[in-house]
Amino acid sequence: MIEIKNLSFARGNNLIFQNITFMLEQGEIMVLKGPNGQGKTTLLYNVLNFLEPLEGEILYEGKSIDSYIASKFFLYIGEENFAYDDLSLNDNIRYWLALHNVSLSDDIIDKSINFLFSELNLDNKFYQLSYGQKKKLQLILLMLVNKPVWILDDPFNGLDQVTINKITSLLTKKVENNGLILISSHQDLAIPNHKIYELK
């Protein structure tokens with residue numbers, strides 16, 4: 001369970017948001033909505049312990065979230081691709097898995113890649129991919145890294161409808177298995193039974 005209590009954040013003299021309070025339990029999806037610039041990504045960064053709030057507290061299973069809790073229990077996928085352009089796709093995947101202390105067989109990795117790509121040469125360099133392909137490659141982590149909490153920043157941006165449907169099915173299976181998902185988006189998402197928190 002994630003609890004956010006009276007959270008406020010300021011950048012310099014600019015108050016980004018204030019007094020945000022909500023609770024998200026295992027088996028639930030929360031979508032943070034609002035136009036660009038309303039602090040959705042900043043709020044996720046507060047939850048991830050990337051940024052320090054001005055006021056309030058954020059708890060996971062009753063404990064204040066620190067870097068250890070965030071790295072052990074949270075899988076974060078942001079709008080940036082966090083990859084090395086000059087490395088092959090295979091090397092980038094191995095790098096991501098090493099960051100999360102995950103070791104998997106080539107067969108499992110290949111099955112996950114085939115779920116989102118009809119064809120993909122893993123010897124290609126990351127910079128050779130289109131924006132949508134880079135996004136899809138990053139979202140493969142949802143199938144490869146087993147952490148109880150997924151925190152996703154605009155995960156459907158730049159994706160085709162077929163891929164959106166596949167990712168939505170992954171999100172649904174995650175919560176059916178008692179996972180917890182926090183998503184930011186400026187789009188209307190066709191995700192069953194999700195909560196919405198509107199940033200204004």
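Residues numbered from 1 in each chain as written. Predicted model: local features only at pLDDT ≥ 70, side-chain atom pairs only at ≥ 80, totals over all residues. Heavy atoms only, no water.

> Explain the packing of helix H3 (residues 89-99) against helix H4 (residues 106-116) to me, please; I cannot follow it from the model alone.
Relative orientation of the contacting elements H3 and H4 amounts to 110°, with a least axis distance of 13 Å. With respect to H4, the axis of H3 lies roughly perpendicular. Between H3 and H4, the residues in contact are Ile 93, Arg 94 and Leu 97 and Asp 106, Ile 109 and Ile 113, respectively. Looking at the contact of H3 with H4 residue by residue, the classes come out as 4 nonpolar, no polar and 2 charged. (Axes fitted to C-alpha atoms, helices over the stretch in contact; angles between N-to-C directions. Helix = DSSP H or I, 4+ residues; strand = E, 2+ residues; numbered from the N terminus. Parallel < 35°, antiparallel > 145°, perpendicular 65-115°, else oblique. Contact = heavy atoms within 4.5 Å. Nonpolar A, V, L, I, M, F, W, Y, C, P; charged D, E, K, R; others polar.)

> Help me understand the pairing of strand E4 (residues 55-60) in this model?
Across a regular strand the side chains alternate sides, sitting on one face of the sheet and then on the other. Bridging between strand E1 (residues 2-11) and E4 involves 5 bridges; their strand directions are antiparallel. Note on E4: the bridge partner recorded for Lys 5 is Glu 57. Counted between consecutive antiparallel strands, the loop separating E4 from strand E5 (residues 63-64) contains 2 residues, among which Glu 61 sits at a positive phi close to 50°. (Pairing = 2+ DSSP bridges.)

> Even after reading the chapter, I still don't get the side chain of Ser 185, so can you show me in this structure?
Its location among the elements puts Ser 185 in strand E8 (residues 180-185). Residues within four places of Ser 185 in sequence aside, it is in contact with Val 31, Leu 32, Lys 33, Gly 34, Lys 40 and Asp 154.

> Please explain the environment of Ala 190 as it appears in this structure.
Turning to its location among the elements, Ala 190 is positioned in the loop between E8 and strand E9 (195-198). The class of Ala 190 is exposed, set by a relative accessible area of 72%. Taking C-alpha positions, Ala 190 is 33 Å from Asn 14, a pair spaced 176 residues apart along the chain. (Buried < 20%, exposed > 50% of the residue type's maximum accessible area, 1.4 Å probe, protein only.)

> Any chance you could explain the sheet that holds strand E7 (residues 149-153) here in plain terms?
Two strands in a sheet stick together by hydrogen bonds in their backbones, pointing the same way (parallel) or opposite ways (antiparallel). A sheet is described by the order of its strands in space; here 5 strands give the open sequence E6-E7-E8-E3-E9, paired in parallel fashion. Each end of this open sheet is capped by a strand with a single partner; those strands are strand E6 (74-77) and E9. The mean angle between the axes of side-by-side strands here comes to 15°, regardless of whether they run parallel or antiparallel.

> Is there a simple way to think about the side chain of Thr 42 in this case?
Among the secondary structure elements, Thr 42 is positioned in helix H1 (residues 40-47). A relative accessible area of 10% places Thr 42 in the buried class. Here the side chain of Thr 42 touches Arg 11 through a polar contact of 3.5 Å, side chain to side chain. Those residues in contact with Thr 42 that sit more than four places away from it in its chain are Phe 9, Arg 11, Phe 17 and Leu 51. (Polar contact = N/O pair within 3.5 Å; in protein donor to acceptor, adjacent residues only side chain to side chain.)

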